[in-house]
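Coordinates in review
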Amino acid sequence: GQQVMQIPQYQHVQEGEDFTTYCNSSTTLSNIQWYKQRPGGHPVFLIQLVKSGEVKKQKRLTFQFGEAKKNSSLHITATQTTDVGTYFCAVCYNQGGKLIFGQGTELSVKP
Amino acid sequence: EAGVTQFPSHSVIEKGQTVTLRCDPISGHDNLYWYRRVMGKEIKFLLHFVKESKQDESGMPNNRFLAERTGGTYSTLKVQPAELEDSGVYFCASSQYETQYFGPGTRLLVL
């Protein structure tokens with residue numbers, strides 16, 4: 001089945017530093033979604049990208065979908081301690097169907 | 001509006017016992033999903049209901065797992081008999097369209 005590879009697995013940053021997580025697929029994706037899971041919490045939907053080369057911003061978060069629709073990234077500018085958690089990319093199959101998740105990147109932020 | 005709720009929040013059982021997890025989706029959501037996250041790994045899809053029908057159960061690991069959604073409202077996931085490798089966090093999610101809303105999860109530990 002289709003897989004989405006996500007790197008890095010862990011990222012430790014000093015507060016104020018930037019952070020980026022990447023998702024890659026060997027096949028063209030119809031969409032990519034991003035979720036955040038706080039420690040002990042549940043995945044919370046952040047955004048969905050569907051267009052080639054799409055870039056969306058949410059405050060300090062920037063989401064990109066590659067031109068070939070095979071990769072995506074989430075970049076956080078000037079991390080804060082509230083950004084701590086695991087960030088997952090996911091692909092939604094068959095409009096409203098199952099989500100296939102990447103492995104997740106666990107972000108820790110040192111104050 | 002209430003979010004997705006799951007019961008119990010935690011369950012500790014012995015190998016060979018039976019456990020039943022419950023999920024109440026957001027009212028009006030026809031789609032209900034079950035996912036599992038094991039040992040900090042990626043979140044894996046188990047199955048998808050549309051109303052009371054199983055749309056996709058390709059992620060169910062084996063016949064020890066039985067999911068139901070009688071009446072198309074709440075859903076149950078029964079594990080019988082439980083094995084050590086069933087330990088993990090079981091998430092339920094619901095959606096009306098493409099955005100899936102996750103519940104807080106049930107943390108299952110099989111000893």
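Scroll up to find the structure this text is about.
Residues numbered from 1 in each chain as written. Chains lettered and ligands numbered in written order. Predicted model: local features only at pLDDT ≥ 70, side-chain atom pairs only at ≥ 80, totals over all residues. Heavy atoms only, no water.

1. Overview of a nonpolar patch on the surface
Among the surface-exposed residues, Val-12, Leu-109 and Leu-111 of chain B lie close enough to one another that they form a single nonpolar patch of about 290 Å² accessible area. Inspection of the secondary structure puts Leu-109 of chain B in strand E11 (residues 106–110). (Patch = residues over 30% accessible without salt bridge, like charges linked within 9 Å, V, L, I, M, F, W, Y side chains within 5 Å. Areas by Shrake-Rupley, 256 points an atom, 1.4 Å probe, with all protein chains shown as cover. Salt bridge = Lys/Arg side-chain N within 4 Å of Asp/Glu carboxyl O. Helix = DSSP H or I, 4+ residues; strand = E, 2+ residues; numbered from the N terminus.)

2. Topic: the sheet that holds strand E7 (residues 65–68) of chain B
Residues and elements named next belong to chain B. Strand order in the open sheet made by the 4 strands is E1-E3-E8-E7, with antiparallel pairing throughout. Where the open sheet ends on each side, the last strands, each with one partner, are strand E1 (5–7) and E7. On average, each strand axis in the sheet is tilted by 15° relative to the strand beside it, whichever way the strands run. Bridge analysis of E1 against strand E3 (residues 19–24) gives 3 bridges, and the strand direction is antiparallel. Bridge pairing in E3 links Phe-7 to Arg-22. (Pairing = 2+ DSSP bridges. Axes fitted to C-alpha atoms, helices over the stretch in contact; angles between N-to-C directions.)

3. Brief notes about the sheet that holds strand E8 (residues 71–76) of chain A
Residue and element names in this part refer to chain A. In spatial order, the strands read E1-E3-E8-E7-E6; together these 5 strands make up an open sheet with antiparallel pairing. Each edge of the open sheet carries a strand with a single partner, namely strand E1 (5–7) and strand E6 (55–58). The mean inter-strand angle of the sheet, taken between neighbouring strand axes irrespective of direction, is 15°.

4. Here's the deal with the environment of His-42 of chain A
Within the secondary structure layout, His-42 of chain A lies in the loop between strand E4 (32–37) and strand E5 (43–49). It is 20 Å that separates the C-alpha atoms of His-42 of chain A and Val-4 of chain A, two residues lying 38 residues apart in sequence. If we skip the residues at most four places from it in the chain, His-42 of chain A touches Lys-36 and Gln-37 of chain A together with Phe-91, Phe-102, Gly-103 and Pro-104 of chain B. (Contact = heavy atoms within 4.5 Å.)

None of the figures reported here should be taken as evidence of function without further support.
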